[in-house]
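# Geometric and topological summary
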Amino acid sequence: MDLGLRNRRALVMGASRGLGRAIAAAFAAEGAKVGVCAREGARLHATAKDLGARAFAGDLSVDGAGAEVVRAARDGLGGLDVLVVNTGGPPAGTFDTLDDKAWRAGFEGLVISAIQSIREALPQMRAQKWGRIMIVTSVTAREPIPTIAISNVMRPGLHGLINTLSREVAADGVTLNAIMPGFALTERIVEAGFDQAKLADQIPARRLGKPEEVAALAAFLASDAAAYITGQAIACDGGLLRSI
Ligand SMILES: NC(=O)c1ccc[n+]([C@@H]2O[C@H](COP(=O)([O-])OP(=O)(O)OC[C@H]3O[C@@H](n4cnc5c(N)ncnc54)[C@H](OP(=O)(O)O)[C@@H]3O)[C@@H](O)[C@H]2O)c1
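Residues numbered from 1 in each chain as written. Predicted model: local features only at pLDDT ≥ 70, side-chain atom pairs only at ≥ 80, totals over all residues. Heavy atoms only, no water.

## Describing the side chain of Ser-138
As for its placement among the helices and strands, Ser-138 is situated in the loop between strand S5 (131–136) and helix H5 (149–169). Residues within four places of Ser-138 in sequence aside, it is in contact with Ser-151, Arg-155, Ile-179, Met-180 and Pro-181. (Helix = DSSP H or I, 4+ residues; strand = E, 2+ residues; numbered from the N terminus. Contact = heavy atoms within 4.5 Å.)

## A few points about the packing of aromatic side chains
Under the definition given, this model contains one aromatic pair. On the numbers, 6.0 Å between centres and 65 degrees between planes, the contact of Phe-183 with Phe-194 is edge-to-face. Taken together, the residues Phe-183 in the loop between strand S6 (174–181) and helix H6 (187–191) and Phe-194 in the loop between H6 and helix H7 (196–202) connect sequence positions 11 residues apart. The ring of Trp-130 has Arg-8 sitting right over it, with the charged end atom 3.5 Å from the ring centre. Taking NZ or CZ as reference, Arg-132 lies 4.1 Å from the ring centre of Trp-130, over its face. (Phe/Tyr/Trp six-rings, centres within 6.5 Å; stacked < 30°, edge-to-face > 60°. Lys NZ or Arg CZ within 6 Å of the ring centre and 35° of its normal.)

## Focus on the sheet that holds strand S4 (residues 82–85)
Strand pairing in a sheet relies on backbone hydrogen bonds. The paired strands run either parallel or antiparallel. One open sheet accounts for seven strands, arranged S3-S2-S1-S4-S5-S6-S7; its pairing is parallel. The sheet terminates laterally at strand S3 (54–57) and strand S7 (232–236), the two strands that pair on one side only. In this sheet, adjacent strand axes meet at a mean angle of 20 degrees when their direction is disregarded. As paired elements, strand S1 (residues 9–12) and strand S2 (residues 33–38) share four bridges and run parallel to each other. The partner of Arg-9 across the bridge, within S2, is Lys-33. Docked against the sheet, H5 engages S5, S6 and S7, running at close to 160 degrees with respect to S6. Here helix H8 (residues 211–221) sits on the sheet and contacts S5, S6 and S7; the angle it forms with S6, its principal contact strand, is near 170 degrees. (Pairing = 2+ DSSP bridges. Axes fitted to C-alpha atoms, helices over the stretch in contact; angles between N-to-C directions.)

## Thoughts on the packing of helix H1 (residues 18–29) against H8
Interhelical geometry of H1 versus H8 gives an angle of 55 degrees and a closest axis separation of 8 Å. With respect to H8, the axis of H1 lies oblique. Two packed elements cross with a definite hand, and for H1 against H8 that hand is right-handed. Note on element contacts: H8 touches H1 through Pro-211, Glu-212, Val-214, Ala-215, Ala-218 and Ala-219, opposite Gly-18, Leu-19, Ala-22, Ile-23, Ala-26 and Phe-27. Split by residue class, the contact of H1 with H8 holds 10 nonpolar, one polar and one charged. (Parallel < 35°, antiparallel > 145°, perpendicular 65-115°, else oblique. Left-handed = near helix turned anticlockwise from the far one by under 90°. Nonpolar A, V, L, I, M, F, W, Y, C, P; charged D, E, K, R; others polar.)

## A short note on the site of the ligand
In the neighbourhood of the ligand, 29 residues make up the surrounding shell, with Ser-16, Arg-43, Arg-155, Ala-184 and Thr-186 lying closest. Within the backbone of Gly-182, one N or O atom sits 3.4 Å away from an oxygen atom of the ligand. Alone, the ligand offers 880 Å² of accessible surface; in the complex the protein occludes 92% of this. At the level of elements, H1 and H6 are the ones that each hand at least two residues to the shell around the ligand. Sorting elements by how many residues they give to the shell around the ligand places H6 first, with three residues. (Near = heavy atom within 4 Å. Polar contact = N/O pair within 3.5 Å; in protein donor to acceptor, adjacent residues only side chain to side chain. Areas by Shrake-Rupley, 256 points an atom, 1.4 Å probe, with all protein chains shown as cover.)

## Observations concerning unusual backbone geometry
Here Asn-7, not a glycine, exhibits a phi torsion of approximately 65 degrees, which is positive. You can see Asn-7 is positioned in the segment before S1. On the accessibility criterion, Asn-7 (52% relative accessible area) is exposed. Its identity as a non-glycine residue notwithstanding, Lys-129 has a phi of 60 degrees, on the positive side. (Buried < 20%, exposed > 50% of the residue type's maximum accessible area, 1.4 Å probe, protein only.)

## What about the confidence of the model for the protein?
Per-residue confidence for the protein gives a mean pLDDT of 97; residues scoring 70 or more make up 100%. When pLDDT is averaged over each helix and strand of the protein, the minimum, 91, is found for H6 and the maximum, 99, for S4. (pLDDT = per-residue confidence, 0-100.)

## Re the nonpolar core
Formed by 45 residues in total, the largest nonpolar core has its most connected members in Leu-11, Met-13, Leu-83, Ile-118 and Ile-133. Taken together, the elements giving at least two residues each to this core come down to helix H3 (65–77), S4, helix H4 (100–128), S5, H5, S6 and H7. Looking at which element gives the most residues to this core, the answer is H4, with nine residues. In contact with Leu-11, other than residues within four places in its own chain, are Gly-35, Val-36, Cys-37, Phe-56, Val-69, Val-70, Ala-73, Leu-80, Val-82, Leu-83 and Val-84. (Core = buried A, V, L, I, M, F, W, Y, C linked by side-chain atoms within 4.5 Å.)

The structure is reproduced here in C-alpha cells:
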C-alpha cells in the first residue's frame, strides 16, 4: 500500500531512540523528509544520520521549546505536513510520593509542551488544507496504572485536547489523533527494570510490542488513506486494554 508519504515533511519529537525513532524511521522508509527532535547530544545526531533525517535539538520540558523546535523544523524542511508529539515519560510515583514540583513538571512536559508545539504547527497546516498531528500518549489514559500517577492524570487531558481541537480543524484537512502504546520494548522499558516475562503474562498477545508496530500505526495515520480518521485515541497494545 502506498501511504503517499513521499516528500511529506514530518517532524517527530522524542525521536533519538525508542518509539519516536521507530516512527521517524517508518516515515523515512516511506520517502518522507524527516526531522527528529530530542535534547541536544550525540544520540540525536547519530539517529538523524542513521535515518537520513535532520536533527532539531530542544528540551521539551522547557517552556516554549516545543514551539521553537516546530519553527526550526518548518524552516529547515520547507514546511510541515506531519507532527508527532512525543517525549520521555514522566517520573513514576504514587499520589503520596509526588510533590507539587513533580506535578508541575509533568504538566509542563506533557501538556503545555504539546499545546505549544501544536499551536505553532497548525496555521500552516490549515492554510495548506492538509496536516496530520499525532500525540503519543499511553494506555494509562484509559486504564490508569497506580504507580505512574502523573501519566494517569495528564494523558487523559491530551485526549481531551485531541477530541476538542480535531473538531475545530477537521474542515481544513488536518487530523489529530492519539496513539496509545501498551508495553512496547524500548530502552525505557529495559532501563525501568520491568520483569518482561511478567508483563507479557498480562498481555493477551503474550508478548511486548515492537516499536515498529507502533510506528506502523503512526505511518498509517499520517497517510492520505487516514484522512477521515480524526479525534481518536487508538491503542497498539496486544489486546491489553479491556475497556470498550
Ligand atoms: N515504551 C512503552 O511501552 C510505552 C508505553 C506507554 C507509553 N509510552 C510513552 O511513550 C513515550 C516514548 O516512550 P519510549 O519508550 O520511546 O521512551 P524512550 O525510549 O525513553 O525515548 C524517549 C525519547 O524522548 C526523548 N526525550 C526525553 N526527554 C526529552 C525532553 N525533555 N525533550 C526532548 N526530548 C526528550 C529522548 O531523547 P533524549 O534523551 O536524547 O533527549 C528519547 O528520544 C513516553 O512518553 C512514554 O511514557 C511508552
